[in-house]
Amino acid sequence: MKRKGTQAFVEVLKREGVDILFGYPGGYAIDLFDELYKQKDIEVILPRHEQGLIHAADGYARATGKVGVCLVTSGPGATNLVTGIATANYDSIPLVCFTGQVSKNLIGNDAFQEVDIVGITRSICKYAVTVRDRKDLARIIKEAFFIARTGKPGPVLIDIPKDIQLAMGEDDFEQPISIRGYKPNTSVHLGQIKKAMEMVEKAKKPVFLIGGGVKLARAEAELADLVNKLRIPVITTIMGKGAIPTDHEFYVGNIGLHGSYASNMAISESDLLISIGTRFNDRITGRISGFAPNASIIHVDIEASAISRNIKVDIPIVADAKLAIGAMQERTAKMEIRDWSEWKAQIDAWEEEHKIAPQNPEGLSPDKIINEISERFKDGIVVTDVGQHQMWTTQYLKMDGTTKLLTSGGLGTMGFGLPAAIGAKLGCPDKKVVCISGDGGMQMNIQEMATAMACELPLVICIFNNSYLGMVREMQHLYYDRRYASTCLRCTRSCKKNCFDKNKECPPYSPDFVKLADSYGAKGIRVFEEEDIKKAFDEALANQEGPTIIEFIIESDELVLPIIPGGNALNEMILEC
Amino acid sequence: MKKRWMSLYVENEVGVLARVSGLFSGKSYNLHSLTVGETQDPTVSRMTICVDSDDATFEQIKKQLNRFVEVIKVVDLTNVPVHMKEILYLKILTANEKERTFAYRMGELFEAKVADMGRTGIILECVQTEKKNDELIHMAAKEFTNIEVVRGGSVAIESISISNR
């Protein structure tokens, strides 16, 4: 049977089980949208900007574990995806992004809305391809889904010229996938596991270092079981936070730039690091030469290139986290499990010695808001934007094992929060979803308020408004002699150039987020005082019609501490200021 | 830092060369030479790549290349017996007959072929190891003022019984 390219496109999507597609139409995608219009299985969501669109697909993928699907037009539609593709790539999120393209005979002519999107995204996605022959269309789409979700997941881009969309052709949807250059690893080397567990047996100060790979592999239950058997303290990266309940006896905290004192000390003093699903990003290692100087390192990662790249490791294990943890579990039956309670007591003592706490504990401090969120969204999904509020969330949020935390960890993309929360809620309509954002990041994709309204999503959007780009301001505060260059969001052209006056009369904040919520038809609440936190969440959660913005007016001077200054080792933190 | 070679089997498709070369620029790897051509299977191209790197970086380059969906196989040629040659064209421009004769002799010494000659100069075609080609260029640059060099980058194939690189 002969069918149009657009029909083949929809057919493969259905066979892949796609239920939601995030799309923004245009001249070179209109035929694909027309075909989607004729069917009922796939719901098409229309965000208000392609960057918001791809973050929404990303949030959907993170929340559900399924592949997020984007469809945009050529040219600007495609280039607006770029930041979102890089965001998904750094955090290993499976996406398939379709871009329309001018007809093959126009490619290279600088035609209207023509860009070489495959060339632009080549270095920031797992795979990118232009379909050049109608007969390859169905196979390429099918392969794209396979590539996106297997191995180390990631974004795949498929560029479909208009003439391919319209061309008639025969398709074989049943053909099995066989890509000679792509064979994801599906086993675990038991010899390496044995060696690793022998090291565990000998260790005196072992710790687990858990990254986002454990969450991507959905191996939380296996990890908890292994930890309970071995009774070894667990430290997470921010992408790994929540892989083990934060109230677990053996959970210590986060490692890294803003990690807890106890975690960073424990890593620094350990003699064995069992690291699973982390690529030792510079934000967690500090100065490389000072990273866990006395430790042997076991490193489980699905991606061979992540091994011994930043940190030289002793036992590399290239495997899916779930498989590797499973194999370790089995091995525990044959090993002698030591008593590490003295080491655990040492870590507990570090925890007592320095607890993460706000510098200004009076009034409306970030920890109080996040504690309330922990209470209210126990089985829900917490999505953050990027900045101080994000770091506070990773420090204070309690996660009992069913809470999900979605955050842009690798690329640190401001503007991620709101659209990702929309995607998460669409993917998990039965879960309560809260977005924690800053006043800066919120404005980077604020147009998606309209999407949340249109999709009738009861999201709770918390804006931590300190009138500044707080994370950068913090660095200016600590390392640039408080020269707050371009970080004040109240600053107008009439302001004095260098304002240091604490009691200055600042212009009012723009926009007024409560009025802005109102203009979208959403609910807006502003909170100045600590005692109004609960009431605000009561009201927000009572609103099931659409999104609610709660704007928390917080202190500008509040810093995220501890912090490791650039070039310092992990145990050389600034604890107080 | 030392010179290392590898052979890369890739899909013979648009954009693959850009993806491979983009890796070297994007990650600041030091690419020395890269050659590419179709194999006996027209859907497969084979690249011979020479890089300057330390051990850890070279390991990383191989792993990064292996990640690409379009890369079928990466073969490290650094420490295996291979036949490896590079084509070099050396144009020596001189109207002086004595000099041209010297150029001809020099070519003989390096087992280069005379591809072309006339009153204004001589073109040598030299299929040799990279090192030998370097030496020929070095000598020519010393002896002549007006030379033109084009070289193709090494191609390599694994040996059967003897090796030559």
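Residues numbered from 1 in each chain as written. Chains lettered and ligands numbered in written order. Predicted model: local features only at pLDDT ≥ 70, side-chain atom pairs only at ≥ 80, totals over all residues.

Tallying secondary structure elements over chain A gives 23 helices and 20 strands in all. Overall size of chain A, expressed as C-alpha extent along the three principal axes, is 70 × 65 × 45 Å. In chain A, buried positions account for 53% of the 577 residues. Excluding contacts between residues fewer than 6 apart, the proportion of contacts in chain A whose partners are at least 24 apart in sequence is 75%. (Helix = DSSP H or I, 4+ residues; strand = E, 2+ residues; numbered from the N terminus. Buried ≥ 20, exposed ≤ 12 C-beta atoms within 10 Å, placed from the backbone. Contact = placed C-beta atoms within 7 Å.)

Here we take up the sheet that holds strand β14 (residues 315-318) of chain A. All names here are of chain A. Here we have 6 strands laid out as an open sheet, ordered β11-β10-β9-β12-β13-β14, and parallel in their pairing. Looking at which strands have only one partner, the edges of the open sheet turn out to be β11 (251-254) and β14. Across this sheet, the average inter-strand angle for adjacent strands is 15°, counted without regard to direction. With 3 bridges connecting them, strand β10 (residues 234-236) and β11 associate as parallel partners. Pairing of Ile 235 across the sheet is with Gly 253, part of β11. Set on the sheet, helix α12 (residues 261-269) makes contact with β9 (206-210), β10, β11 and β12 (272-276); between it and β11 the angle comes to about 100°. (Pairing = 2+ DSSP bridges. Axes fitted to C-alpha atoms, helices over the stretch in contact; angles between N-to-C directions.)

Residue and element names in this part refer to chain A. Across the 6 residues of strand β13 (residues 296-301), 5 count as buried, placing the element largely inside the fold. Here β12 pairs with β13 via 5 bridges, running parallel. Residue pairing for β13: Leu 272 is matched across the bridge by Ser 296. Relative to β14, β13 runs parallel, the two being bridged by 4 bridges. Bridge pairing in β14 places Ile 298 opposite Ile 315.

What follows covers α12 of chain A. Looking only at α12 of chain A, the buried set comprises Ala 262, Ser 263, Asn 264, Met 265, Ala 266 and Ile 267 of chain A. At its buried positions, α12 of chain A is contacted by β9, β10, β11, β12 and α15 (341-353) of chain A.

Once that is clear, we can look at the confidence of the model for chain B. Taken over all residues, the pLDDT of chain B has a mean of 96, while the share at 70 or more is 100%. Overall fold confidence (pTM) sits at 0.97, and the ipTM for the predicted complex is 0.93. (pLDDT = per-residue confidence, 0-100.)

Facing the 13 residues of chain A at the interface are 16 residues of chain B. Considering only residue class, the side of chain A that touches chain B consists of 6 nonpolar, 4 polar and 3 charged. (Nonpolar A, V, L, I, M, F, W, Y, C, P; charged D, E, K, R; others polar.)

On to the packing of helix α16 (residues 366-376) of chain A against helix α17 (residues 388-396) of chain A, then. Each pair of packed helices can be summarised by the angle the axes make with each other and by the distance between the axes. All names here are of chain A. Interaxial distance between α16 and α17 falls to 10 Å at its minimum, and their mutual angle equals 60°. By the angle class used here, α16 and α17 are oblique. Pair α16 / α17 crosses with right-handed handedness. Touching Pro 366, Asp 367, Ile 370 and Asn 371 of α16 are His 389, Trp 392, Thr 393 and Tyr 396, all from α17. A per-class count over the contact of α16 with α17 returns 4 nonpolar, 3 polar and 1 charged. (Parallel < 35°, antiparallel > 145°, perpendicular 65-115°, else oblique. Left-handed = near helix turned anticlockwise from the far one by under 90°.)

Let us look at the pairing of strand β2 (residues 30-38) of chain B. It is a general feature of regular strands that their side chains alternate between the two faces of the sheet. Residue and element names in this part refer to chain B. Where β2 meets strand β3 (residues 44-53), 8 bridges bridge the pair, whose relative direction is antiparallel. In the strand pairing of β3, Thr 35 is matched with Thr 48. What sits between β2 and β3 in their antiparallel hairpin is a turn of 5 residues.

Here we come to the environment of Ala 148 of chain A. Looking at the element boundaries, Ala 148 of chain A is found in helix α7 (residues 137-149). Expressed as a C-alpha distance, the spacing of Ala 148 of chain A and Asn 360 of chain A, which sit 212 residues apart in the sequence, is 45 Å.

Time to look at α7 of chain A. Residue and element names in this part refer to chain A. Between its first and last C-alpha, α7 extends 19 Å over 13 residues, near the 18 Å set by a 1.5 Å rise per residue. Listing the buried residues of α7 in full gives Leu 137, Ala 138, Ile 141, Lys 142, Glu 143, Ala 144, Phe 145, Ile 147 and Ala 148. Tucked inside the fold, the buried residues of α7 contact α1 (5-15), β5 (95-101), β6 (127-130), β7 (155-161) and α8 (162-166). Remark: Gly 151 follows α7 within two positions and exhibits a positive phi of approximately 55°. (Expected span 1.5 Å × (residues − 1).)

Moving on, we get to the nonpolar core. It is characteristic of soluble globular proteins that their nonpolar side chains tend to be buried jointly. Core analysis: the biggest nonpolar cluster contains 195 residues, and Cys 70, Val 96, Ala 324 and Cys 462 of chain A have the highest contact counts within it. With 10 residues, the next largest nonpolar core counts Ala 112, Ile 122, Leu 136 and Ala 140 of chain B among its residues. (Core = buried A, V, L, I, M, F, W, Y, C linked by C-beta atoms within 7 Å.)

The subject of this paragraph is the sheet that holds strand β15 (residues 381-384) of chain A. Residue and element names in this part refer to chain A. Read across the sheet, 6 strands follow the order β16-β15-β17-β18-β20-β19 without closing on themselves; strand pairing throughout is parallel. Edge strands, defined here as strands with exactly one partner in the open sheet, are β16 (404-406) and β19 (523-527). Taken over all neighbouring pairs, the strand axes of this sheet differ in orientation by 20° on average, direction set aside. Contacts between helix α18 (residues 417-427) and the sheet are confined to β15, β16, β17 (433-438) and β18 (460-465), with β17 contributing the most and set at about 175° to the helix. Lying on the sheet, helix α23 (residues 533-542) is in contact with β18, β19 and β20 (548-553); it crosses β19 at an angle near 175°.

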